Amino acid sequence: MSGTEYAMLAYVLSFLIFTIYGVTVWIERRKLAQRRSDSEPAR
Amino acid sequence: MHTAKRFLPLAFWTLVVALFAFTTSMLVWYTPIEATMGTVQKIFYLHLPVALNTFVAAMVVFIASVGYLWSRSMWWDDLAAAAAKITALFCSVVLLTGMIWAKSAWGLWWTWSPRLTFSLVLFLLYIVYVMLRPSIESPERRALISSIYGIAAFLDVPLVYLSVRLLPDIHPSSITLDPKMQLTLLAWALPVTLLNAGLLTATYRLHRLQRIGRRRSTAAVAPLSQPVNPAEGVSG
């Protein structure tokens with residue numbers, strides 16, 4: 001592999017890790033917020 | 001108010017993505033190629049800001065842990081737990097980018113040099129923090145043990161920072177950058193720091209929601225003689 005390919009690999013994998021983490025947190029928060037609103041008594 | 005609450009995170013993440021797009025294009029078209037290492041040196045513009053933000057996140061764990069021991073407020077515990085996850089996340093990227101650079105520059109993925117070893121220890125310390133928390137059932141006990149652990153784990157940060165200066169190490173201790181390279185490094189520091197702040201805030205809110213949810217489900221089965229303080233849920 002060339003230096004350019006190593007650099008691209010590092011950037012792509014890093015962005016992938018950050019994105020997967022961010023999306024996981026976002027989905028978890030949405031699920032919890034949804035569950036919370038479902039369990040709220042009707043006003 | 002409700003619209004602003006929804007619009008602000010969207011605007012924030014759009015800004016972060018736009019800044020990353022800008023700094024990446026800067027890296028491709030503006031930043032010069034380093035003479036001895038070649039293109040692979042460009043990993044450095046991500047590696048260093050992420051490493052510095054790992055230290056910042058570990059510092060947040062430390063401060064929040066002290067804050068919990070001082071005030072016994074669960075707000076601090078939620079913040080410490082969120083920051084520990086961010087420390088482990090950022091440290092994993094530091095190790096990954098470092099290993100890829102090492103493979104290209106040194107011809108090996110890993111060597112047990114002091115800085116690399118202390119960085120791996122830092123990663124493992126915060127992974128253990130994140131993994132052990134759910135195994136402690138009582139929230140107060142979990143917060144107390146986590147706080148003490150969070151303070152002790154931070155002791156590894158100065159070791160990571162100083163190891164390359166005090167001990168013989170293969171890891172570069174400093175690098176000479178021309179003005180264009182310095183500007184690229186400064187430009188990369190901004191979106192990486194914003195990413196750190198954004199992910200920390202999102203994770204903290206998740207922890208707070210989880211805690212409120214757990215307390216509500218406990219309150220639903222608790223006898224009426226043990227009311228749950230509703231004000232705690234608002235303060236976080």
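Here the structure is shown first, and the text comes after it.
Here is what the cut-offs are and how they apply
Residues numbered from 1 in each chain as written. Chains lettered and ligands numbered in written order. Predicted model: local features only at pLDDT ≥ 70, side-chain atom pairs only at ≥ 80, totals over all residues. Heavy atoms only, no water. Helix = DSSP H or I, 4+ residues; strand = E, 2+ residues; numbered from the N terminus. Buried < 20%, exposed > 50% of the residue type's maximum accessible area, 1.4 Å probe, protein only. Contact = heavy atoms within 4.5 Å. Areas by Shrake-Rupley, 256 points an atom, 1.4 Å probe, with all protein chains shown as cover. Lys, Arg positive; Asp, Glu negative; His and termini not counted. Charge placed at Lys NZ, Arg CZ, Asp CG, Glu CD. Arc of directions from axis to C-beta. Patch = residues over 30% accessible without salt bridge, like charges linked within 9 Å, V, L, I, M, F, W, Y side chains within 5 Å. Salt bridge = Lys/Arg side-chain N within 4 Å of Asp/Glu carboxyl O. Polar contact = N/O pair within 3.5 Å; in protein donor to acceptor, adjacent residues only side chain to side chain. Phe/Tyr/Trp six-rings, centres within 6.5 Å; stacked < 30°, edge-to-face > 60°. Expected span 1.5 Å × (residues − 1). Buried area = accessible area lost by both parts, 1.4 Å probe. Nonpolar A, V, L, I, M, F, W, Y, C, P; charged D, E, K, R; others polar.

## Notes on the overall build of chain B
No. 1: Along chain B, the regular secondary structure elements total eight helices and zero strands.
No. 2: For chain B, the sequential pattern of α-helices and β-strands runs α-α-α-α-α-α-α-α.
No. 3: With respect to the three principal axes, the spread of C-alpha positions in chain B is 75 × 45 × 25 Å.
No. 4: Counting across all 236 residues of chain B, residues that qualify as buried make up 43%.
No. 5: Counting only contacts in chain B whose residues sit at least 6 apart along the sequence, the fraction spanning at least 24 positions is 79%.
No. 6: When the accessible area of chain B is evaluated, it comes to approximately 12600 Å², of which 72% is carbon and sulfur surface.
No. 7: With 18 positive and 9 negative side-chain charges, chain B shows a spacing of 8 Å between the two charge centroids.

## Focus on helix α6 (residues 156-166) of chain B
All names here are of chain B.
No. 1: Buried within α6 we find Asp156, Val157, Val160, Ser163 and Val164. Along the axis of α6, the buried positions cluster into a sector of 140 degrees, meaning they face one direction only.
No. 2: Lining the buried residues of α6 we find α2 (44-71), α4 (114-132) and α5 (139-153).

## So, a nonpolar patch on the surface
No. 1: On the surface, B:Tyr161, B:Leu162, B:Leu166 and B:Leu167 cluster together to form a nonpolar patch covering roughly 400 Å² of accessible area.
No. 2: Mapped onto the fold, B:Tyr161 is located in helix α6.

## Some points on the side chain of B:Thr97
No. 1: Mapped onto the secondary structure, B:Thr97 falls in helix α3 (residues 74-105).
No. 2: On the basis of relative accessibility, which here comes to 0%, the residue B:Thr97 falls in the buried class.
No. 3: There is a polar contact of 2.8 Å between the side chain of B:Thr97 and the backbone oxygen of B:Val93.
No. 4: Discounting chain neighbours no more than four positions away, the residues touching B:Thr97 are A:Ala10, A:Ser14, B:Ile43, B:Leu46 and B:His47.

## Thoughts on the packing of aromatic side chains
No. 1: Enumeration over the complete set of coordinates arrives at 15 aromatic pairs over all chains.
No. 2: When the centroid spacing of 4.7 Å and the interplanar angle of 90 degrees are considered together, the rings of B:Trp75 and B:Trp76 count as edge-to-face.
No. 3: Overall, the relative accessible area of 32% leaves B:Trp75 in the partly exposed class.
No. 4: Under the relative-accessibility criterion, B:Trp76 is labelled partly exposed at 25%.
No. 5: Grouped by ring-pair contacts, the aromatic residues A:Tyr11, A:Phe15, B:Phe20 and B:Trp188 constitute a single cluster.

## What to know about α4(B)
No. 1: A rise of 1.5 Å per residue sets the reference length of α4(B), with its 19 residues, at 27 Å; its end C-alpha atoms lie 26 Å apart and thus fit the reference within 8%.
No. 2: Taken together, the buried residues of α4(B) touch α2, α3, α5 and α6 of chain B.

## Describing the interface of chain A and chain B
No. 1: Chain A puts 20 residues into the contact, and the matching count from chain B is 32 residues.
No. 2: Across the chain A to chain B interface the summed buried area is about 2300 Å²; carbon plus sulfur atoms make up 77%.
No. 3: The three residues of chain A that bury the most area against chain B are A:Tyr11, A:Phe18 and A:Tyr21, which together make up 31% of that side's buried surface.
No. 4: Viewed at the interface, chain B and chain A are joined by four residue pairs in polar contact (both at pLDDT 80 or more).
No. 5: Grouping the amino acids of the side of chain A that touches chain B by side-chain chemistry returns 12 nonpolar, four polar and four charged.

It is worth stressing that arrangement in space is one thing and function is another; only the former is reported here.
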